[in-house]
Structures are given as structure tokens and as C-alpha cells.
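Architecture and fold: a report
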Amino acid sequence: MKIHEYQAKEIFASYGIPTPKEKLATTPDEIKTHAKEIGLPVVVKAQVHVGGRGKAGGIKLATDESELEKATQILGMRIKGIEVKKVLVAEAISIKGESYLGFIVDRSSQKIVAMASSEGGVEIEEVARRNPKAIQKLYIDPLLGIQPYQMRTLATFLYGDKGLIKSAIKITQALYQIMVEKDCSLIEINPLVRTEDGRLIALDAKINFDDNGLYRHPEIESLRDLEAEDRNEIDAREYGLSYVRLDGKIGCVVNGAGLAMATMDLVKHFGEEPANFLDIGGSSSPEKVKNALSILLRDENVKVILFNIFGGITRCDDVAQGILQARDELKIAHPIVVRLTGTNEAQARELLKESGLLFATGMEEAARLAIEKLRGV
Amino acid sequence: MSILVGKETKLLVQGITGRDGSFHARMMKEYGTNVVAGVTPGKGGSSVDGIPVFNSVHEAKEKTGANTSVIFVPARFAVDAIYEAIDAELDLIVCISEGIPTLEMAKVMSYLRGKKTRLIGPNSPGLISPEEAKVGILPGHIFKKGSIGVISRSGTLTYEIVYHITNSGFGESTCIGIGGDQIIGTKFIDCLKLFREDDETEAVVLVGEIGGQDEEETAAWIRENFNKPVFGFIAGKTAPPEKRMGHAGAIISGGSGTAPEKIKAFKEAGIIVGETPKEVAERVKERLS
């Protein structure tokens, strides 16, 4: 789960990491009021879940009234298709240097990795490609936690001055604490700036949370920006389903994430585009099938529905009943192609054929049938 | 021969009195797995389908000689269940539970280092050595004893591929679902090392998906260390970036972990890649018959 910069900054501040004086605004008037209170010059920053907002014109410096007027236009602009509804109005800070400080959970080493870079303000992946020497990387055993020598190593890599090193150690410690206490998958300060008067300030903040950890952090779950997420994905999650919308016309309903991806890939392989990823999970109860279809059909691009259920232990006739029940209750007129493999497959086939659904034995046949139906319509 | 589980497996089921635990304990027993014990704290002394239930893993091991555990408890209790099984010094732990926080798994992996216990999963469908033992939720009837080793990050997609392999006249030595999470106890390479030493395994099928670098690391390792034929499939060619595709580990992030990268790495290592699940079985047949 992602949160906005302003939310991450609030968490930073509560752990004692210095942040600029700043306030959130949702209207042009609010921007002006905040700017007055903070005092010009200010920086106005779009709060959207996309990278590269600076390049897209989503961050503007305002040194006088007319520039502030222009900066209010960030509200309502679209960045990579996403409308800006909130902006952060922050004091402009005179910067002497920029660096990077962050932690991630690393899949390969199965540890927490700390990274410090003398090149702040650019994406760390880019620095890693272009100038890996500018990055100090350390592996932290999550059972031991970050050790003082590791914090010293990071801080002295970034700064030579004693005062700055001391501040950097404090910030590193706080950042690590947030990482482990809040189940983050990524936390970074980019840039961490050094001011003219020798202070360190987190000018930007990014935190991603591990979805698996959210159950023990209701305070984090409540930070979720429901407007920034696809309504259908939110509803699917509440139903215990996993859904991602795509651009094609063949709606896919599959049990299991790997098979769901393979089904989408197969549709593409045969020359059409899938409309979605949808995993209904192991137990494909009638209720789940119905919920899945209700979400799938909100997408008007969907012209054909393709079920791919590898029953395994689940009984196919139960799944077939569920599909029929859902079709009747939701009054679905779309062509439906069903592939079912597993226990009681023959009974399921009978049930579905009598009801006018298209039955396929293999997933290749099912994908082909769905494409034929789509092109025939 | 098979790897990891077989006739010598003495299985205990953690969470045996739960809905999934009791159902699958029965299914595993029916398949022929030697299920010797169940564990549910507070329910010791009872039994499920004739399987005795104990209060702790330690006690279950003492009384029954269990050497393997399968975990069916909800995610929030699963980490505790894993630690309990590690401290009881079992040989193998198979964790089916989905939804364990990633940092907790990182701690488990750190705790496991240097210990005798091996962990498979979490978020795994389990593993099976056909006609010997099934540990987990895989549907036993699609498997047949044979010479193909299968290692996969997924569940139903594995069944799909195995179904075609079995139908084309081949069988499996052992099929392992290593789990769909970001941090897992046993990776592709760990399984390959075991298959390398297993005389019965003639070839291996790897079923990967988007997210992480495991497939790339495995491909590089295979080049130097593995001589048996390897076949592969990668799911998620049509997956958009930065979106979690069901599995916690199936996400393309920062432009890395894409299907084309993984397929390229596989092919460069001499792995025969199927474009569709069925094609994997066809390639196996072409190459091995």
C-alpha cells in the first residue's frame, strides 16, 4: 500500500525526523492562506501516487503572488492521467546539498537493505545504474536490528562534518524504527537536504507498506486514499478477491493467481487482449463467483466472459451451479465460456450445456472459443 | 527415489482442528501419507479422523516420531507455529498459510540459518512425491509417479502444467510449490540441488512468474551447475507494472521482474521455455521420448 508524501511526513515528524514547515491544501484559497502563514517563498507539491511529478509540472516554486497564483493551477491538473486533488504547501528551503537515505526489504538476501547515496533528488535505481559508487549499501539482519556501526557507516559516507554525522545517525535510527514498527516494504528520504545553516531536513518522503502487515496496523490502513485507487479493486479486496483492470475485451475469472496470469497471457498469445486479472481463490463458492462477476461487468469493455477453473479438490458441479446462479441473478447476457477441470467434470459439463454456456475441456480451447465469440459478435 | 517427502515422511498437521486443517489431513491420509499427529494448543487428547491431537509440536514429536510438519493455521498465528516447529527440530516444515508479514518471514529466515530444519513456503500449496506422500493441498489424482521434477511459485498453474505432463505419458518424481510470497524458505536453486542428486529425476520443470530476481538467479546457477534438461514457463507477460497480481511476490517494481527478462534469462541458460502451459508438456515429450 502506498501513502502520500504529506502522510509520510506526518509519520516522519512523529518519529522526530525534521521536515519542512508545510500544510495540506485542497482549494486555491487554502493554498494562499497557507502560503501567507508559512511566508513566501513556498513550494507547492502535487500529492499523487505517481513518480516524476516534478517533470510533469506538479511541483512549483512561488516567490511572489503571481507565481503563487500560477502554482494554484496544480490543483485539478492531470499527472499521468491522475487528477491532482491535494497539494502540499511547504516553506522553500535554501539547499546546500542533497543526498538519499532509505531502507527496503530485499527479496534476494531476505534481509533489510539500507542505502545511502551522495546523489539525492534522483531515483536510486538510476544512480545504481549510472554511478553505483555513489551508493553505500548495507545488509541488516532483521533479528538483530540495525547496529550502531552500520548507522555510523551510512552517516559518514554522506557527511564529513561531526554535527551533520550526528544528525544523520539520529535520522537513520528513526527511519529504521518506522520501517520495522510499521511493516514498511520501502521507506526513503529523497532528497535529504543539508541547509545553508547546517541542518538536515527530509524534503520529500516515501513509504510503501507491506500489504500482509496491514492487519496489525489499523492506523496505517486508515491512511489509504480511496479516491486514488480503483473502486473495483477496493471492492474486490473486500470480497476476498484479487482484481486488476486492464484494457481488453475478454473478462477472465480464474482460480489461483498464477493460472489467472497464464490465462491472460494465453488470450494475448492468441491475438486478443484480456480485460482484467481476477483471482477468485481456492474455494470457488457461488457467492464468490457472483461477487467476481458483479465487479467484472462494471467494465463496459468486457464483451465475453472466460472462466478458467482448475478444480483440483473443488467439485466442478458446485462451481457450475455457482456460475449459473450468478448468471441468472445478475441477468448476464454476455457469452460465457467455461473451462472446468477436476472432480465431477462430466456432471458440470451437462449442467452448463443445457443452459447454453460454452464448455471447454482445456484452457487453450477455452481461450480460442472466447476469441471466436468476441470476433463473431 | 523422490526428494523432501516420501515413504519415510511422518507428518504432523499444525492446526488440524481447523476447517482447512481437518479437511486436508483427511485428504493427505487418504492419499497414503503417513499422518501421525495433529497439533492444536488446548485440544490435546482429542483426535481427528483417528489422528491423535497434541498440545505442542514438541510433545507430538516425542510421542509419534514425527519428522515433518504442515501448517494450516491463520497467518497471524503461523509465524509462531513455524518457530515452534523449528525449535522442535523437525526436518521439514511446509507452510500453507497465506498473508504472513514479509518482515516476520525475514526474521524467520535469519533464525533458520545454520539449523537442520528446512522450510517450504509460506503461501505454498505444499509438495507431493506421487504414490508416496502428499503434504499440502495439491490434488493427488493429477500426479503419477515418474521422472520429472517440478518446482513452482504457484498453485493451480502448477496443476495445469502437471496435468498436461501426466496426460502426455510422463510422471513426476516430486512436485514442489515453493510459495508465492516475497520471502520464502526454499527457493528454486535449493530444490534443484536436491534434484541434481536424485537419480530418478531425469528432467526438471520450473514454473516462475513476474516479480523478484529468483528466476534470473536460478538461470545463472543452472548454467554452471545443472546438467539435466530443464523446461520453464513464466506467467505474467500481460501483467501491468507496479500492480500486485494476487501473489504478494508477483509484482513488477521499479521496472524490474518482468516476464520478458525472465524468459530471456531462462533461454540464455539453455532452459526450454513453453509459450503456453500445454506447450511445456509438449516440449518435455519432444525432448525426452
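What counts as what
- Each residue is numbered by its place in its chain's sequence as written, counting from 1.
- Chain A is the first chain written and ligand 1 is the first ligand written, with later ones labelled in order.
- Local features are withheld for residues below a pLDDT of 70 in this predicted model, meaning they are given only at 70 or higher, and side-chain atom pairs are given and counted only at 80 or more; totals for whole chains, interfaces and linings count all residues.
- Derived side-chain values reflect all non-hydrogen atoms in the structure, with water molecules and hydrogen atoms excluded from consideration.
- Put simply, DSSP H or I for four residues or longer makes a helix, DSSP E for two residues or longer makes a strand, and each gets a number counted from the N terminus.
- The atom set for the radius of gyration is the C-alpha atoms, and the globule formula is 2.2 Å times the number of residues raised to the power 0.38.
- Buried means the residue's accessible area, taken with a 1.4 Å probe over protein chains only, is under 20% of the maximum for its type, while exposed means over 50%, and partly exposed covers the values in between.
- Whether two residues are in contact is decided by their heavy atoms, any of which lying within 4.5 Å being enough.
- Residues counted as positive are Lys and Arg, residues counted as negative are Asp and Glu, and His and the chain ends are not counted.
- By convention, the charge on Lys lies at NZ, on Arg at CZ, on Asp at CG and on Glu at CD.
- UniProt positions are given in the numbering used here, feature names are shortened, and annotations may be inferred rather than shown by experiment.
- The directions from the helix axis to the C-beta atoms are what the arc is built from.
- Two parts placed together each lose some accessible area under a 1.4 Å probe, and adding up what both lose gives the buried area.
- When a carboxyl oxygen of Asp or Glu lies within 4 Å of a side-chain nitrogen of Lys or Arg, that pair is called a salt bridge.
- N or O atoms closer than or at 3.5 Å make up a polar contact, with two conditions inside protein: a donor-capable atom paired with an acceptor-capable one, and, for residues adjacent in sequence, both atoms drawn from side chains.
- In this classification, Asp, Glu, Lys and Arg are treated as charged, Ala, Val, Leu, Ile, Met, Phe, Trp, Tyr, Cys and Pro as nonpolar, and every other residue, Gly included, as polar.
- In this analysis the probe radius is 1.4 Å and the grid spacing 1 Å, with only protein atoms considered; a cavity is a set of points the probe fits into but cannot get out of, a pocket is an open set with protein on both sides within 12 Å along at least five of seven lines, and lining residues have an atom within 4 Å of a point.
- Grid points are joined across faces, edges and corners, and a volume is the space filled by probe spheres set on the points.
- The source of the domain bounds is an automatic or database domain assignment.
- Pairing between strands requires that DSSP locate at least two bridges from one strand to the other.
- Lines fitted to C-alpha atoms define the axes here, with helix axes fitted over just the stretch in contact, and angles between the N-to-C directions of these axes take values from 0 to 180 degrees.

1. Some words on the overall build of chain B
Within chain B, the regular secondary structure consists of nine helices and 14 strands. On C-alpha atoms alone, chain B measures out to a radius of gyration of 18 Å, which is about the 19 Å that the 2.2 N^0.38 rule sets for 289 residues. Taken over the C-alpha atoms alone, chain B extends approximately 55 × 40 × 30 Å along its principal axes. Every one of the 289 residues in chain B was classed for burial, and the buried ones make up 65%. Within chain B, contacts between residues at least 6 apart in sequence are counted, and of these 72% link residues at least 24 apart. Side-chain charges in chain B split into 33 positive and 37 negative, and the spacing between the mean points of these groups amounts to 1 Å.

2. Overview of the side chain of threonine 186 of chain B
Among the structural elements, threonine 186 of chain B can be located in the loop between strand S11 (172-177) and helix H6 (188-197). When neighbours within four sequence positions are excluded, threonine 186 of chain B is seen to be in contact with Arg118, Leu119, Ile120, Ile178 and Cys191 of chain B.

3. Things to note about the UniProt feature "active site" (unreviewed entry) in chain B
Feature annotation in UniProt assigns "active site" (unreviewed entry) to the following positions: His247 of chain B. For histidine 247 of chain B, the contacting residues outside a window of four places in its chain are Ala257 and Gly258 of chain A together with Asn123, Arg153, Ser154, Gly180 and Glu209 of chain B.

4. What to know about helix H2 (residues 28-38) of chain A
Residue and element names in this part refer to chain A. Where H2 is concerned, the buried positions are Ile31, His34, Ala35 and Ile38. Here the buried residues of H2 occupy an arc of 105° about the axis, which is enough to place them on one side. Seen from the open side of H2, the exposed residues pointing more than 90 degrees away from its buried face are Asp29, Lys36 and Glu37. Where H2 ends, the next residue or the one after it, glycine 39, has phi of about 95°, a positive value.

5. Examining the interface of chain B and chain A
Tallying the contact residues gives 62 residues for chain B and 47 residues for chain A. Taken together, the two surfaces of chain B and chain A that pack against each other cover about 4300 Å², and 60% of this comes from carbon and sulfur. Put simply, glutamate 233 of chain A and lysine 243 of chain B hold a salt bridge, and the shortest N to O gap is 3.0 Å. At the junction of chain B with chain A, the criterion picks out 16 residue pairs in polar contact (both at pLDDT 80 or more). If you list the elements that add at least two residues to the side of chain B that touches chain A, you get helix H1 (19-31), helix H4 (102-112), helix H5 (156-167), strand S13 (230-235) and helix H9 (277-288) of chain B. It is H4 of chain B that provides the largest number of residues to the side of chain B that touches chain A, a total of eight residues. For the side of chain B that touches chain A, the residue count by class is 28 nonpolar, 18 polar and 16 charged.

6. Side note on empty space enclosed by the protein
Enumeration over the complete set of coordinates arrives at three cavities of 30 Å³ or more. There is about 100 Å³ of room inside the largest cavity. If you trace the largest cavity, you find it lined by Arg107 and Gln110 of chain A together with Arg153, Gly179, Asp181, Gln182, Ile184, Lys187, Gly211, Gly212, Gln213 and Asp214 of chain B. Across the lining of the largest cavity, the residue classes break down as one nonpolar, six polar and five charged. Lining of the second largest cavity is provided by Asn212 of chain A together with Ile100, Thr102, Met105, Asp181, Gln182, Ile183 and Ala248 of chain B. Class assignment for the residues of the lining of the second largest cavity results in four nonpolar, three polar and one charged. Looking at which domains feed residues into the lining of the second largest cavity, each of domain 1 (11-120) and domain 2 (139-288) of chain B gives three or more.

7. A word on the sheet that holds strand S1 (residues 22-25) of chain A
Residues and elements named next belong to chain A. Within the open sheet, the four strands sit side by side as S1-S6-S2-S3. Their pairing is antiparallel. Here the strands that pair on one side only, and so sit at the sheet edges, are S1 and strand S3 (59-62). Adjacent strand axes in the sheet meet at a mean angle of 20°, parallel and antiparallel pairs treated alike. Relative to strand S6 (residues 87-91), strand S2 (residues 42-46) runs antiparallel, the two sharing five bridges. Along S6, the bridge assignment pairs lysine 45 with leucine 88. Against the sheet, helix H1 (residues 5-14) makes contact with S1, S2 and S6, and its axis sits at roughly 50° relative to S6, the strand it touches most. Those strands touched by H2 are S1, S2 and S6, and its axis lies near 170° from that of S1.

8. Side note on the pattern of salt bridges
All names here are of chain B. If you walk through the whole model with that rule in mind, you get 43 salt bridges over all chains. Here aspartate 214 and lysine 187 are joined by a salt bridge, their closest N and O atoms 3.7 Å apart. Highlighted residues: aspartate 214 in helix H7 (residues 214-225) and lysine 187 in the loop between S11 and H6, separated in sequence by 27 residues. Lysine 187 carries the same exposure label as aspartate 214, and that label is buried.

9. A closer look at the UniProt feature "binding site: CoA" (unreviewed entry) in chain B
All names here are of chain B. As annotated by UniProt and renumbered to match this structure, "binding site: CoA" (unreviewed entry) occupies Thr17, Gly18, Arg19, Asp20 and Lys43. With respect to the helices, strands and loops of the structure, arginine 19 is situated in helix H1. Residue classification places arginine 19 among the exposed residues on the basis of a relative accessible area of 70%. One can find aspartate 20 in helix H1. On the basis of relative accessibility, which here comes to 39%, the residue aspartate 20 falls in the partly exposed class.

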